[in-house]
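Residues per chain are reported as follows:
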Amino acid sequence: PIWSQDRRVAILYNGEMYNFREERARLEAGGHRFHTGTDTEVVLQLYLERGLDFHERMRGMYALAIFDWRQTAAGQLPVMVLARGPLGIKHLYVAHPFGDPNRVIFASELRALLASRMVRPEVSRDALSGYLAHGFTMQPTTILSGVRTLEPGSLERYVPGEPVLRRRFWKRHIAKLNIR
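Residues numbered from 1 in each chain as written. Predicted model: local features only at pLDDT ≥ 70, side-chain atom pairs only at ≥ 80, totals over all residues. Heavy atoms only, no water.

Student: Even after reading the chapter, I still don't get the side chain of Gln 45, so can you show me in this structure?
Tutor: By the element assignment, Gln 45 lies in helix α2 (residues 39-50). Setting aside chain neighbours within four positions, we find Gln 45 in contact with Leu 27, His 32, Arg 33 and Phe 34. (Helix = DSSP H or I, 4+ residues; strand = E, 2+ residues; numbered from the N terminus. Contact = heavy atoms within 4.5 Å.)

Rendered as structure tokens:
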């Protein structure tokens, strides 16, 4: 993870931000200091600057998790934000361990969730049916029962004791052809 300067916010990032150099220069002009040359640190600074609207300045492919302890007391769970880039190139799988809606785990690969032993290695009948009919499973379902993908162009915010906030920030637009 990369941590904020005050060590109260951390990010796990899988992807590539194509415009990070431009955003880094903009942030530096505004007084932000960087300790690495990575795009990950730029994404973290965008979150610190813009909150849940951080994605508006990002161009790229990514899946990420941000852990924010700034609004919680010492020893409490952080606010967690999961986000997936607009085209869904990078995967982000989400599950509730043992069916407990108050707990959440995530990973970029299904086998990581299975390795945690918090997800049952149980095939979803609906997903299997779709796979046999179409050759793939339709997102957000996965072949594993109780595991879903975070949809492309969306984020989820988990605050302990509050309902999950789900926000779709990008949706593919399909042009309609008017053929006569």
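Following the structure, the description resumes.
Student: Just to check I follow, could you spell out the environment of Pro 78 for this structure?
Tutor: Residue position: Pro 78 is located in the loop between β3 (60-68) and β4 (79-84). The spatial distance from the C-alpha of Pro 78 to the C-alpha of Ala 127 is 33 Å, given a sequence separation of 49 residues. With sequence-adjacent residues up to four places away left out, Pro 78 is seen in contact with Phe 67, Asp 68, Trp 69, Thr 72, Tyr 158 and Pro 160.

Student: Where do I start with the nonpolar core in this structure?
Tutor: Across soluble globular proteins, you tend to see nonpolar side chains buried next to one another. By size, the foremost hydrophobic cluster in this structure holds 23 residues, and its most contacted members are Tyr 13, Met 17, Val 43, Phe 54, Met 58, Leu 64 and Ile 66. For this core, the secondary structure elements donating two or more residues are β2 (9-17), α1 (20-29), α2, β3 and β4. Counting residues per element, this core draws most heavily on α2, which supplies five residues. Listed in part, the nine residues of the second largest apolar core include Ala 65, Phe 67, Leu 82 and Val 94. (Core = buried A, V, L, I, M, F, W, Y, C linked by side-chain atoms within 4.5 Å. Buried < 20%, exposed > 50% of the residue type's maximum accessible area, 1.4 Å probe, protein only.)

Student: I'm lost on a nonpolar patch on the surface in this one. Help?
Tutor: Taken together, Val 123, Leu 128, Tyr 131, Leu 132, Phe 136, Met 138 and Ile 143 make up a surface patch of nonpolar side chains, about 680 Å² in accessible area. Inspection of the secondary structure assignment puts Phe 136 in the loop between α4 (125-134) and β7 (147-149). (Patch = residues over 30% accessible without salt bridge, like charges linked within 9 Å, V, L, I, M, F, W, Y side chains within 5 Å. Areas by Shrake-Rupley, 256 points an atom, 1.4 Å probe, with all protein chains shown as cover. Salt bridge = Lys/Arg side-chain N within 4 Å of Asp/Glu carboxyl O.)

Student: So what exactly am I meant to see when it comes to the packing of aromatic side chains here?
Tutor: We describe a pair of aromatic rings using the distance from one ring centre to the other and the angle between the two ring planes. Enumeration over the complete set of coordinates arrives at five aromatic pairs. Relative to Tyr 62, the ring of Tyr 13 lies with its centre 6.4 Å away and its plane at 20°, an arrangement referred to as stacked. Here Tyr 13 is found in strand β2, whereas its partner Tyr 62 is found in strand β3, with 49 residues between them in sequence. With respect to burial, Tyr 13 and Tyr 62 carry one shared label: buried. On the basis of an interplanar angle of 35° and a centroid distance of 6.4 Å, the ring pair of Phe 67 and Trp 69 is categorised as tilted. The buried category is assigned to Phe 67, whose relative accessible area is 17%. (Phe/Tyr/Trp six-rings, centres within 6.5 Å; stacked < 30°, edge-to-face > 60°.)

Student: Help me understand the sheet that holds strand β1 (residues 2-3) in this model?
Tutor: Where strands meet in a sheet, backbone hydrogen bonds hold them as pairs that are either parallel or antiparallel. What the six strands build is an open sheet, ordered β1-β2-β3-β4-β8-β9; its pairing is antiparallel. Lying at the two open borders of the sheet, with one neighbouring strand each, are β1 and β9 (165-168). Both β2 and β3 contribute to a ladder of nine bridges, which runs antiparallel. Bridge assignment links Ala 10 to a residue of β3, and that residue is Phe 67. Of the strands in this sheet, β1, β2, β3 and β4 are in contact with α2, which crosses β2 at around 125°. (Pairing = 2+ DSSP bridges. Axes fitted to C-alpha atoms, helices over the stretch in contact; angles between N-to-C directions.)

Student: For this particular structure, what's the right way to read α2?
Tutor: Each full turn of the α-helix corresponds to 3.6 residues, which orients residues three or four apart in the same direction. In a regular helix each residue adds 1.5 Å, so twelve residues correspond to 16 Å; α2 covers 16 Å between its end C-alpha atoms and thus fits that length. Listing the buried residues of α2 in full gives Asp 39, Thr 40, Glu 41, Val 42, Val 43, Leu 44, Gln 45, Leu 46 and Tyr 47. Gly 51, located one to two residues past α2, shows a positive phi value of around 65°. (Expected span 1.5 Å × (residues − 1).)

Student: Even after reading the chapter, I still don't get the sheet that holds strand β6 (residues 105-107), so can you show me in this structure?
Tutor: Taken together, three strands build an open sheet; the order of strands is β6-β5-β7 and the sheet is antiparallel. The open sheet has two edge strands with one neighbour each: β6 and β7. Going from strand to strand, the sheet's axes swing by 25° on average, the running direction of each strand aside. As defined by bridge partners, strand β5 (residues 93-95) adjoins β7 across three bridges and the pair is classed as antiparallel. Residue pairing for β7: Val 94 is matched across the bridge by Arg 148.

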